[in-house]
Structure formats: C-alpha cells, structure tokens
Amino acid sequence: MKKYNVAVVGASGNVGREILTILAERDFPVDKVYAVASSRTAGSVIPFKGKDLVVQDLETFDFKGVDIGLFSPGGSVSAKYAPIAAAAGCVVVDNTSHFRMDPDIPLVVPEVNPEAIADYGKRGIIANPNCSTIQMVVALKPIHDVATIKRIVVSTYQAVSGAGKEAMEELFEQSRATFGTGMEVPPKKFTKEIAFNVIPQIDSFLDNGYTKEEMKMVNETKKIIDSAIRVTATTVRVPVYNSHAEAVTIETEKKITPDEARALLAKAPGVEVVDDPKTLTYITPREAAGKDATFVSRIREDESCDNGLQMWVVSDNLRKGAALNAVQIAEVLIQDHLK
C-alpha cells in the first residue's frame, strides 16, 4: 500500500493531538508524520506510535513533499498557511471556519456527501464542518433522503472542550473553587462563569441576534445537505468536558414514523441508535466520549405538527466533530483521488 507524508498543523492543541491519536488508531498509511504548530510550542514533543514527534514551527515549515495537511490551528492561521501548503502540492483538510462557505471549496462529511471531495482540486483545500453541524447532518441525511426535511430546529448543549484546553481548565478551576478553596475564579474564556451554569452564547453575536456558531449550523447544513432546508439554531455552552448533545426537531415533506426513522438510522453509516424509553436507554455525553459514532436517542413524533420528528443527538466533538472527520476525509482522498 502506498504511504503518504502527513503534516498535522496545530498539533499541540486538543484537536491536533486527537488527529494524531486517530491516525495511529486507524493505521492510516503514513510514511512521515510532521507535528507543526506555532513558535510558542515549537521544539516540544508529542507522542505518536511509540515515538516522539518534535513540533516544528509553522512559520518556517516547508510543505514541499507533504501529501496531506490536517489543519486545526485557528481560522486566521489557516487563512494564511493553507494556501501556502496547497501551492506546494499538499492537499489541505482544514478544521477551521475560514474556508467552509467558500463556493470553490468542498465542505465534507464523508457519511453524507463524500462525492464533494472530488472538487478539492479547485483550491487544494477541503473544509471540515463545524462540530455541531457534523453530528446533526450525519443523523439527518438518511431521513432527508427518504422523507425530505423541510425545516430543522436545533438547540445544542456543547462541551467546553470545543473552546480549547484553557476552557477546560477554567471549568475545572471554577468547579474546584466552588467546593474547595472558595476563591472566585473569574471567567476568561467564557462570558459568564461556566461551572454549574449554562451560557446561551457561543461565539460573537451578529446583527440578526444569532451568534456566529448558530449561523454556522444554518449555513453549513444548507451547503452540505440541501440549500432549501430552513434551519434555526440556539447554541449553548454547558459544564461538560467532552461531547456535544443536541435536541433536534425536524419537519418533513413525507410522513415518517419513529420506528421507520429508527430502522433507517440503524443502517446508516456512522450512526448508532440507542433508544428504548421503557428501559431508560438513551445516550449521554459521558457515554459518547471517546467513541466514533454519532448516537441518536429519544426518537419520537413532534405532536405540534403533522410531519414532525424529535430526537436527541450526541457525539464526541473532538473525534467525529473534528479530528475523526478530518482523517475520514483523508481516507477517502487516498482511496479515490490521490493514486
């Protein structure tokens, strides 16, 4: 089997480290792996397959000879360096929001629209969607194919790991202070205290009253599945370390029952149905953490409209919501395009 040189950019962050873990777990056919990050962490080491990778400085890193770049360094950094990597012949899979809505750049979830990867040659860049969008479209695309979704209403319960390592530390310190030191730990990463609280804001507010995170879900869903779908979202940060949960309500053109939906989703790639109210069987973020699947529970009719369904969707935001999806895109690339 042919092997590929892979650069993980943003390797010292939560997602970058998870990408390296998943590359090893899935035995991705790597020849050389480069850990790349900012000068702040250059020179540090990150373990990979029993060896230590020395983190290289992105500013001076040469992408010539690198086949695939898995980027997760922040939007402004990707905006500068992803085109540089692409110009050197490296196909970039970018996990930031910068390129997602560019009409020349495919926005891909492999279980949903793998055919879009074929358009990577226009710019040499493929965009990884927002974590909350990924798990929702994985759960909804099988239903859309059969019953045509007209409208989506989603409220998210998003873990602090989605805001980075400092956010996770903030939750820990505030929680410890509440029961231990009694000292106040003022918010830095969030607008309000996150411990024992929920915050109805992720990213900044826009003129329409939505946040950027909410509009990402709206616009990305339309680009990935169907531009005709009407979508509205409320995104909320909750004091959970890992895995995002979503309460999703859909309205379809064709009637579909909960049992029909369960049967569809049970056969869908990347989905696991965990749904039996009689035995209190449903998924929670703690149970989804560290797993690859998108889990769907509490599938039921929406009794407020004729063709409505409601469901509970949970997935590990660092894995399927980011790192795993990027690696899966790379797997499709090498299987179907990079011969």
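Caption draft 1: Summary view of the nonpolar core. In this structure, Phe63, Ile152, Val248, Ile250 and Met311 are the most contacted members of the largest nonpolar core, which totals 52 residues. The next biggest cluster of nonpolar side chains, apart from the first, holds 39 residues, and it includes Leu20, Val30, Leu70 and Ile117.

Caption draft 2: Region of the structure containing the environment of Thr284. Counting through the fold element by element, Thr284 comes out in the loop between strand S12 (271-273) and helix H7 (285-288). Thr284 gets classed as partly exposed once you look at its relative accessible area, which sits at 26%. Side-chain polar atoms of Thr284 contact the side chain of Glu287, separated by 2.8 Å.

Caption draft 3: Just the pairing of strand S13 (residues 294-301), in detail. When S12 meets S13, the two strands line up parallel, connected through three bridges. Following the sheet pairing, Val273 is matched in S13 by Val296. Note: S13 against strand S14 (residues 308-315), six bridges, orientation antiparallel. Looking at S14, one finds that Arg300 is bridged to Gln310.

Caption draft 4: Quick look at the sheet that holds strand S9 (residues 149-157). On the basis of which strands lie adjacent, the open sheet formed by six strands has the order S10-S9-S11-S14-S13-S12 and mixed pairing. Both outer strands of the open sheet, strand S10 (230-234) and S12, are each paired with one neighbouring strand and no more. Strand-to-strand, the axes of this sheet are offset by a mean angle of 25°, without reference to chain direction. Examined bridge by bridge, strand S11 (residues 244-252) and S14 share eight bridges and lie antiparallel to one another. Bridge assignment links Val248 to a residue of S14, and that residue is Met311. Packed onto the sheet, helix H6 (residues 258-267) meets S12, S13 and S14 and runs at close to 165° relative to S13.

Caption draft 5: Main features of the sheet that holds strand S5 (residues 56-57). The sheet built from six strands is open, its strands ordered S5-S2-S1-S6-S7-S8 with parallel pairing. Among the strands making up the open sheet, the edge pair consists of S5 and strand S8 (125-127). Where strand S1 (residues 4-9) meets strand S6 (residues 68-71), four bridges bridge the pair, whose relative direction is parallel. Looking at the pairing, Val6 lines up with Ile68 of S6.

Caption draft 6: Focus on unusual backbone geometry. The backbone of Thr148 shows a phi angle near 60°, a positive value even though the residue is not glycine. Topologically, Thr148 is positioned in the loop between helix H3 (131-147) and S9. Phi at Phe196 is positive, roughly 55°, even though this residue is not glycine. For Phe196, a relative accessible area of 54% translates into the label exposed.

Parameters and conventions
Residues numbered from 1 in each chain as written. Predicted model: local features only at pLDDT ≥ 70, side-chain atom pairs only at ≥ 80, totals over all residues. Heavy atoms only, no water. Core = buried A, V, L, I, M, F, W, Y, C linked by side-chain atoms within 4.5 Å. Buried < 20%, exposed > 50% of the residue type's maximum accessible area, 1.4 Å probe, protein only. Helix = DSSP H or I, 4+ residues; strand = E, 2+ residues; numbered from the N terminus. Polar contact = N/O pair within 3.5 Å; in protein donor to acceptor, adjacent residues only side chain to side chain. Pairing = 2+ DSSP bridges. Axes fitted to C-alpha atoms, helices over the stretch in contact; angles between N-to-C directions. Contact = heavy atoms within 4.5 Å.

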